[in-house]
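Listed here are the chains, written in short residue letters.
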Amino acid sequence: MRALSFAAAIAIAALISFNSGLTSAAPQQTPDPSIQAKGAIGEVKSIDAASKLITIKTDAGSVVMVLYTDRTTYKKLAPGEQSLANASDITFADVAEGDRIWARGTVAEDKKSVSALQIVVMSKGDIAKKQEAERLEWRRRGILGVISALKADANEITIQSRTMAGTQSVIIPVSDKTEMRRYAPDSIKFSDAKPSTFGELKVGDQLRALGDRAPDGTHFTPQKVVTGSFRTVAGVVTAVDPATGEIKINELEKKKPMTIVVKQDSVLRRFPPASELGMMMGGFNRGGGGGAPGGGAPAGGAPGGGGSGQPPQGGQQPRPQGAGGPGGPGRSGFNINDMLERLPTISVADVKVGDTIVVSSTQGVDPARVTAIALVSGADTLLTMLAPRPQPGQAAPNPAAGLGSSGISFGIGLP
C-alpha cells in the first residue's frame, strides 16, 4: 500500500465500496462512508437531463445530487472489477435509473451534492446478472443448517441440516482461508453481514456455507461461511397494515402478542396448502427444482404422495420421510430449506388476518417486536410436517412444537 499514491489508494478504496452494494456492503458508519471529499457512490434514483442533475441514494440512505456538465466523462465497469483500467468508455445516454454510479469530483461541504468530473457506472442489468449467478452458485454448492456442536481445538463446526430423509449431521472444518461473516442484531440483509471469527459462533446459530460436500455427505469444506443468531417464531395474524409494513400476531408457543416489521429487503413467501403440496414436490423431484443446497440430488417421490405427484390421500398432511424414505439409505433427500426458498413471493397485502405465519429474524433489542428477514404465510401445513407425532394417549403438541428442533433455517438469505 505504501507504494501507491494517495489518489490511487483512494480510488481502490472507492472501487471496493462501489462493489460493496452487490454482496458485502461496507459497515455503516457516521459520516456516510459512501460520501468522500472527492466523490460519492450510490444508486441512481432519478435523472433530470434538462437540469443536468442525477439523484443518487447511498447504501446508508443518504441522498446526493450529482451535477454534471458537457465536460463530464463516463466509464462503465463490470461488477466485481477493482481497477478502472478495465473500464470502457460510454456516454451520458448509457446511464439509467437503478444503475450504481461513482460520481468522481468535488463534494460540497454539506455532503449533499457533488460536481462530477467523471461518472463510473455499473449497470443495473450487469449487477442483476452477477447477483443471479452468485445465487445459483450458493444453491449449487451451498449448505444450510443449524449449529449443533463446536470443536474449538480443531475449528470444526457441526450442523444439523434438515432434508426430506430426516435430519443429517454435517461437519464443517474452518481454516484461515475460510471467509467468515456474521449477521448483526436487527440486520436482515445478507450483504450487511460483517467479518467474523470462529470464536463468535454459538450452538443454535444458523449457518450457510459455500464450498464442496464430501461424497458421503458427512463433511463439507467451506470457502465462505455466513452465520447469525436468529429467532424463528410462528403465530396467527391478528392485524395487517400494508402502509407501515407491520403485521401483528398471536405467537403460538408463548401465546403472546408480537409485532412483525416487514422492510423492503424482507422476503415474504406463501406455503402451498396440503392439497397442492404433493403435486408441487413431485415437480421438484422430477428435476424442476434443481439440486439441493447440500449438493444432493432431489429424492424421487413426493412426501406423502408416493412419488406420483398427486396430493396426499385421505386428507393427511405430508410429513418428512425417515431414513428409509424416498432418498434411500445414505441419501440426504430434497432439502426443505431449499424448497422454502423456491416458494412464490408475496407482498404484505397478500397476508390476511387469520393466516398462520412463520417468521425468521435476527435477535433484536425488543423481543415483542422483530424485523422479518423471511416470512412464510399459509404455514399450517409446514408446522404439521415439523410437529412431533404424539404418543398414544398424549395430547396433540403445541402447533409450533416442531420449530425448535426442526433444522429449518431460512433466516440467512442468498446474495
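The structure this text deals with has already been given above.
Residues numbered from 1 in each chain as written. Predicted model: local features only at pLDDT ≥ 70, side-chain atom pairs only at ≥ 80, totals over all residues. Heavy atoms only, no water.

## Remarks on the side chain of R269
The cut-off we apply is this: Each helix corresponds to a stretch of at least 4 residues labelled H or I by DSSP, and each strand to a stretch of at least 2 residues labelled E; elements are numbered beginning at the N terminus. What qualifies as a polar contact is a pair of N or O atoms within 3.5 Å, subject to a donor-acceptor requirement within protein and to the restriction that residues adjacent in sequence count only when both atoms come from side chains. Contact criterion: two residues are considered in contact whenever any of their non-hydrogen atoms come within 4.5 Å of each other.
For R269, the location among the structural elements is in strand β19 (residues 267-270). Engagement of the side chain of R269 in a polar contact is seen with the backbone oxygen of L343, the distance being 2.6 Å. Those residues in contact with R269, other than ones at most four positions away along the chain, are L340, E341, R342, L343, P344, T345, I346, L375, V376 and S377.

## Examining the nonpolar core
A general trend in soluble globular proteins is that nonpolar side chains are found buried together. Keep this limit in mind: The term nonpolar core refers to a set of buried residues drawn from Ala, Val, Leu, Ile, Met, Phe, Trp, Tyr and Cys, joined through side-chain atoms within 4.5 Å. Residue burial is assigned from relative accessible area. The probe radius is 1.4 Å, only protein chains are included, and a residue is buried under 20% of its type maximum, exposed over 50%, and partly exposed in between.
Counting residues in hydrophobic clusters, the biggest one holds 18 residues, and the most contacted among them are I54, I56, V66, V95, I101 and I119. Those elements that place two or more of their residues in this core are β2 (39-48), β3 (53-57), β4 (63-67), β7 (100-107) and β8 (113-122). Top element by residues in this core is β8. It accounts for four residues. Counting residues in each nonpolar core, the second largest holds 16 residues, with I260, V348, V370 and A372 among its members.

## Digging into the packing of aromatic side chains
Basically, it comes down to this: Two aromatic rings, drawn from Phe, Tyr or Trp (for Trp, its six-membered ring), form a pair once their centres lie within 6.5 Å of each other, and the interplanar angle then sorts them: stacked below 30 degrees, edge-to-face above 60, tilted otherwise.
Applying the stated criterion across every chain, the model contains three aromatic pairs. Ring centres of Y183 and F230 lie 5.1 Å apart, and the angle between their planes is 70°; this geometry places the pair in the edge-to-face category. Of this pair, Y183 sits in the loop between β12 (179-182) and β13 (194-195) while F230 is found in strand β16 (residues 230-241), placing the two residues 47 residues apart along the sequence. Residue classification places Y183 among the buried positions, given a relative accessible area of 5%. Clustering of aromatic rings is evident, with ring pairs tying together Y68, Y74 and F92.

## Examining the pairing of β2
Defined as follows: For two strands to be treated as a pair, DSSP must find at least two bridges joining them.
Taken together, the two bridges between strand β1 (residues 35-36) and β2 define a ladder with antiparallel strand orientation. Paired with I35 across the strands is A40, a residue of β2. Between the antiparallel neighbours β1 and β2 lie two residues. For β2 and β7, the ladder comprises five bridges, and the chain directions are antiparallel. For A40, the partnering residue across the bridge sits in β7 and is A103. Hairpin connection, β2 to β3: the antiparallel pair is bridged by four residues, and K52 has positive phi, about 50°.

## Some thoughts on the pairing of strand β22 (residues 374-377)
In β22, alternate side chains face the same way, and those of A374 and V376 on one face and L375 and S377 on the other are all buried. Pairing analysis gives four bridges linking β19 to β22, with the strands arranged parallel. By the bridge assignment for β22, R270 is matched with S377. Of the strand pairs in this sheet, strand β20 (residues 356-362) and β22 are connected by four bridges, and their pairing is antiparallel. When the sheet's bridge partners are listed, I357 is paired in β22 with S377.

## What to know about the pattern of salt bridges
Short version of the rule: One speaks of a salt bridge when a side-chain nitrogen belonging to Lys or Arg is within 4 Å of a carboxyl oxygen belonging to Asp or Glu.
Scanning the model with the defined rule gives 13 salt bridges in all. Where E132 meets R135, a salt bridge forms, and the shortest distance between an N and an O atom there is 3.6 Å. Taken as a pair, E132 and R135 lie in helix α2 (residues 124-141) at a separation of three residues, close to a single helical turn. Of the residues examined, E132 reaches a relative accessible area of 34% and is grouped as partly exposed. Judged by its relative accessible area of 26%, R135 falls in the partly exposed class.

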